[in-house]
Amino acid sequence: MEEIHSQSDHYRSSSSSASSPASRVPSSNFFYLRKPGALRQPISFEDSPDWDDTDIEVKVEEGGGDSINAATTPASPSLSKINSGSLPSPPLPEGAVVARKISGASVAWKDLTITIKGKRKYSDKVVKSSNGYALPGTMTVIMGPARSGKSTLLRALAGRLPDSARMYGEVHINGVKSHMPYGSYGFVDRETTLIGSLTVREFLYYSALLQLPGFFFQKRSVVEDAILSMSLGDYANKLIGGHCYMKGLPTGERRRVSIARELVMRPHVVFIDEPLYHLDSVSALLMMVTLKKLASTGCTLIFTIYQSSTEVFGLFDRICLLSNGNTLFFGETLACLQHFSNAGFPCPIMQSPSDHFLRAINTDFDRIIAMCKNWQDDNGELSSVNMDTAVAIRTLEATYKSSADAAAVETMILKLTEKEGPSLKSKGKAGSATRVAVLTWRSLLIMSREWKYYWLRLILYMLLALCIGTVFSGLGHSLSSVGTRVAAIFVFISFSSILSIAGVPAQLKEIKIYACEQSNWHSGTLVFLLGQLLSSIPFVFLISISSSLVFYFLVGLRDHFSLLMYFVLNFFACLLVNEGLVLVIASICQDIFWSILILLNVHVIMMLSAGYFRIRSALPKPVWMYPVSYIAFHTYAVQGLLENEYIGTSFAVGQVRTISGYQALRNVYDISQDSNASCYCLF
């Protein structure tokens, strides 16, 4: 304990010169100052309007209404003029659209402990006995350094912990200890995948079709509401983009689009993991002002954040400060500043509060100071914080547990949980057939706009057919050309199948979109696979027609329309099976290296057992004959095309004798002797 007091006194001496009145610099910035001799008094702000201390009150109806009836919680005093209330709100212009009000929900958690095996080096506890709450119409932020348990706590509140995690404690929604049903909340991950070839309005509309039940025209209004809520009106008809050949939206707008996707369900609570991730200061402020506007409609917002600017910090209503899973503070934003002052760590002037908080509780700074302990700058020491971070964390934690703030949190949690309010109900979801249709149509639109999906592959297939056709051109129809024709057809089928691997990057991109949607239960595995396969049919058919025509006439196969159409359909079936194979393996591996490696090995094994390099009847019966040669679709495709070419034909041997096409093929390829064997194909 003496160590804590001595370290705290040392910190006070190092920061007193920065926060003393004599050292204040007149400016228009907002500086955090502690009034001398008044540790328990509110923090005062230079150049900011006066504000009165008001306690949070919650009205509980005696009837069957909401447990939280009215938003009597005052707006948090801001650190900037934007939210300080000093400027009157301008009147709305005539004809302006007002955001739709949302019925929020209260979220309260008590003694919440989360363990994940192997997550921590010395303990499996990622979050330890956390208490807190979030009210409708407010923004509650979970702040802390890296690996402090922010995202884990957020996922626990949303009921999205991984299977390896164990949660102890209670989470109450409107006073009810239960999980939130589908559609009652939205969750936005730190990194989300958007579809660059769609406009913002198209992307949100297809998301609404996947999520909401009902008729298509009813979803237009929720899309427009989401666009309005996230201030995306100027970007509604612009492509999202984000590719090397498509500039697309800035990072801040793309982040707001990912949040708007969850708003089409009109959720009561929205959880956002790092809304300011990869945003500059201007985009971060715009994002937080937009979220503040969203909260003003009644929605409950809970999100994590690493650090923020002074202006952004002033927009928060409540803050939950974590370090290594321990709750160092929960309460009003300004009360957090007072808490640090009470513990002996006042925020110096000209320093952002979030920077100051993280500097005091982030153990990574200890390594920096250890590396630079002998360095001096012109103003003295390298850092004004000279105490051990572990000591600061223990001091802040002990001060908070014995403070009135912790008691106020427990009182509020008791009020929120003593009486059950209305339970949240599921809003229903779109049917599986509707989702398959929506995904099919959306994928068709994406494939038609993305040249890498099928247009580039169409060119590659035609070049391959041209190369193979010119190599095997001018064969004639003699008996001596049978072996060469078999080789031409086998090479055409095998190389075209291998070329389907070029679709792996495009499929992996679609799988990332599916994974993002599936995490929020917007889609399902079978729905995704069917939608992708059905949407590829028109493009695969176009590839099969164009490539077959080039190859068919260059090689000089039999000139008959029905035989040509059978060739096209056989090749189309082969390509469609290839497409399904690529989709399944890419979905399982979800890695471009392993997907390509496995597909190459599968194709090589199928080519070896297809009956060209060695007649199928002569293959070793274990493994190669049974079952590989029967699984290999190359076998059926090549056999079908050869039967299409030679069954029903005959060749003259000398002047008297003739042999059938089947007999001519026997020594080259093993096919069925049945005259109806031309129907022996995949379909």
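Residues numbered from 1 in each chain as written. Predicted model: local features only at pLDDT ≥ 70, side-chain atom pairs only at ≥ 80, totals over all residues. Heavy atoms only, no water.

## Describing the overall build of the protein
Along the backbone of the protein there are 22 helices and 17 strands. Expressed as a percentage of the 683 residues in the protein, the buried residues total 52%. Across the protein, every contact between residues at least 6 apart in sequence was considered, and the portion connecting residues at least 24 apart equals 75%. With the model as given, the accessible surface of the protein reaches about 31,400 Å², and the carbon-plus-sulfur share is 58%. (Helix = DSSP H or I, 4+ residues; strand = E, 2+ residues; numbered from the N terminus. Buried < 20%, exposed > 50% of the residue type's maximum accessible area, 1.4 Å probe, protein only. Contact = heavy atoms within 4.5 Å. Areas by Shrake-Rupley, 256 points an atom, 1.4 Å probe, with all protein chains shown as cover.)

## Brief notes about helix H8 (residues 333-342)
Of all ten residues making up H8, nine are buried, and the element is well covered by its neighbours. Of the positions making up H8, those classed as buried are Thr 333, Leu 334, Cys 336, Leu 337, Gln 338, His 339, Phe 340, Ser 341 and Asn 342. Positioned one or two residues after H8, Gly 344 has a phi angle of 100°, which is positive.

## So, the nonpolar core
Counting residues in each nonpolar core, the largest one holds 166 residues, and the members touching the most others are Phe 271, Leu 291, Phe 316 and Phe 551. Ile 511, Phe 528, Ile 585 and Ala 586 belong to the second-largest nonpolar core, a separate cluster that totals eleven residues. (Core = buried A, V, L, I, M, F, W, Y, C linked by side-chain atoms within 4.5 Å.)

## Quick look at a nonpolar patch on the surface
Where nonpolar side chains cluster on the molecular surface, the patch consists of Trp 451, Trp 455, Leu 456, Ile 459, Leu 460, Leu 463, Leu 466 and Leu 542 and spans about 690 Å² of accessible area. With seven residues, helix H14 (residues 451-471) is the single largest residue contributor to the nonpolar patch. Of note, Ile 459 is situated in helix H14. (Patch = residues over 30% accessible without salt bridge, like charges linked within 9 Å, V, L, I, M, F, W, Y side chains within 5 Å. Salt bridge = Lys/Arg side-chain N within 4 Å of Asp/Glu carboxyl O.)

## Things to note about the pairing of strand E4 (residues 125-134)
Among the ten residues of E4, seven are classified as buried, and the element is accordingly described as predominantly covered. Relative to E4, strand E3 (residues 107-116) runs antiparallel, the two being bridged by six bridges. Each residue of the ladder has a partner; that of Leu 112, found in E4, is Ser 130. (Pairing = 2+ DSSP bridges.)

## Notes on unusual backbone geometry
The amide bond that connects Tyr 626 to the next residue, Pro 627, takes the cis arrangement and shows omega of 10°. In this structure, His 278 is a non-glycine residue whose phi angle is positive, near 65°. Relative to the elements of secondary structure, His 278 occurs in the loop between strand E8 (269-272) and helix H6 (281-296).

## Considering the packing of aromatic side chains
Enumeration according to the criterion identifies 25 aromatic pairs in this entry. Here the aromatic rings of Phe 313 and Phe 357 are separated by 5.7 Å at their centres, their planes lie at 65°, and the arrangement is edge-to-face. Placement of the pair is Phe 313 in helix H7 (residues 310-313) and Phe 357 in helix H9 (residues 353-361), with a sequence separation of 44 residues. Phe 313 gets classed as buried once you look at its relative accessible area, which sits at 0%. Residue Phe 357 is classed as buried on the basis of its relative accessible area of 0%. Feature note: the residues Phe 492, Phe 551, Tyr 552, Phe 553, Phe 567 and Phe 571 constitute an aromatic cluster, connected by ring pairs. Taking NZ or CZ as reference, Arg 190 lies 5.7 Å from the ring centre of Tyr 277, over its face. Arg 616 extends its terminal NZ or CZ atom over the ring of Tyr 630, reaching a point 4.8 Å from the ring centre. (Phe/Tyr/Trp six-rings, centres within 6.5 Å; stacked < 30°, edge-to-face > 60°. Lys NZ or Arg CZ within 6 Å of the ring centre and 35° of its normal.)

## Things to note about the pattern of salt bridges
It is possible for side chains bearing opposite charge to pair when their charged atoms get close. Going through the model one piece at a time under the given rule, you end up with twelve salt bridges. In this structure, the salt-bridge partner of Lys 401 is Glu 397, at a minimum N-O distance of 3.4 Å. Within this pair, Lys 401 and its partner Glu 397 are both found in helix H11 (residues 389-401), separated by four residues, close to a single helical turn. Here Glu 517 and Arg 442 are joined by a salt bridge, their closest N and O atoms 2.7 Å apart. Taken together, the residues span a long stretch of sequence, with Glu 517 in helix H16 (residues 504-519) and Arg 442 in helix H13 (residues 432-449) at a distance of 75 residues. Here Glu 517 matches Arg 442 in class, with each residue buried.

## Details of the packing of H16 against helix H19 (residues 592-608)
Where H16 meets H19, the closest approach of the two axes is 10 Å, and the angle between their N-to-C directions is 130°. By the angle between their directions, the pair H16 and H19 is classed as oblique. Where H16 crosses over H19, the handedness of that crossing is right-handed. Across from Val 504, Pro 505 and Leu 508 in H16, the residues of H19 making contact are Ile 592, Ser 595, Ile 596 and Leu 599. (Axes fitted to C-alpha atoms, helices over the stretch in contact; angles between N-to-C directions. Parallel < 35°, antiparallel > 145°, perpendicular 65-115°, else oblique. Left-handed = near helix turned anticlockwise from the far one by under 90°.)

## Concerning the environment of Tyr 168
Within the secondary structure, Tyr 168 sits in strand E6 (residues 165-173). Considering only alpha carbons, one finds Tyr 168 and Thr 113, 55 residues apart in sequence, at a separation of 5.0 Å. Here Tyr 168 is in contact with Asp 111, Leu 112, Thr 113 and Thr 115, once residues within four sequence places are set aside.

## Let's talk about the environment of Met 607
Structurally, the position occupied by Met 607 is in helix H19. As a C-alpha pair, Met 607 and Ala 632 span 25 residues in sequence and 7.7 Å in three-dimensional space. Leaving out residues up to four positions away in the same chain, Met 607 has contacts with Phe 490, Ser 494, Ile 498, Phe 613 and His 634.

## Overview of the UniProt feature "transmembrane region" (unreviewed entry) in the protein
Mapped onto the present numbering, the UniProt feature "transmembrane region" (unreviewed entry) falls on residues 454-475, 487-506, 526-555, 567-586 and 592-615. In the segment residues 526-555, helix accounts for 100% and strand for 0%; the C-alpha atoms at its two ends are 41 Å apart. Its end C-alpha atoms 34 Å apart, residues 592-615 is made of 71% helix and 0% strand. (UniProt positions renumbered as here; feature names shortened; annotations may be inferred.)

## Comments concerning the pairing of E8
Neither face of E8 is left uncovered, since the one carrying Val 269 and Phe 271 and the one carrying Val 270 and Ile 272 both have all their residues buried. Where strand E7 (residues 185-188) meets E8, four bridges bridge the pair, whose relative direction is parallel. If you follow Val 188 over to E8, its bridge partner there is Ile 272. Two strands pair when backbone bridges link them, and E8 and strand E9 (residues 300-305) are joined in this way by four bridges, in the parallel orientation. Residue pairing in the sheet places Val 269 in a bridge with Thr 300 of E9. At this point the chain moves from E8, through H6, to the parallel E9, and the crossover so formed is right-handed. (Right-handed = clockwise from strand over helix to strand, strands pointing away.)

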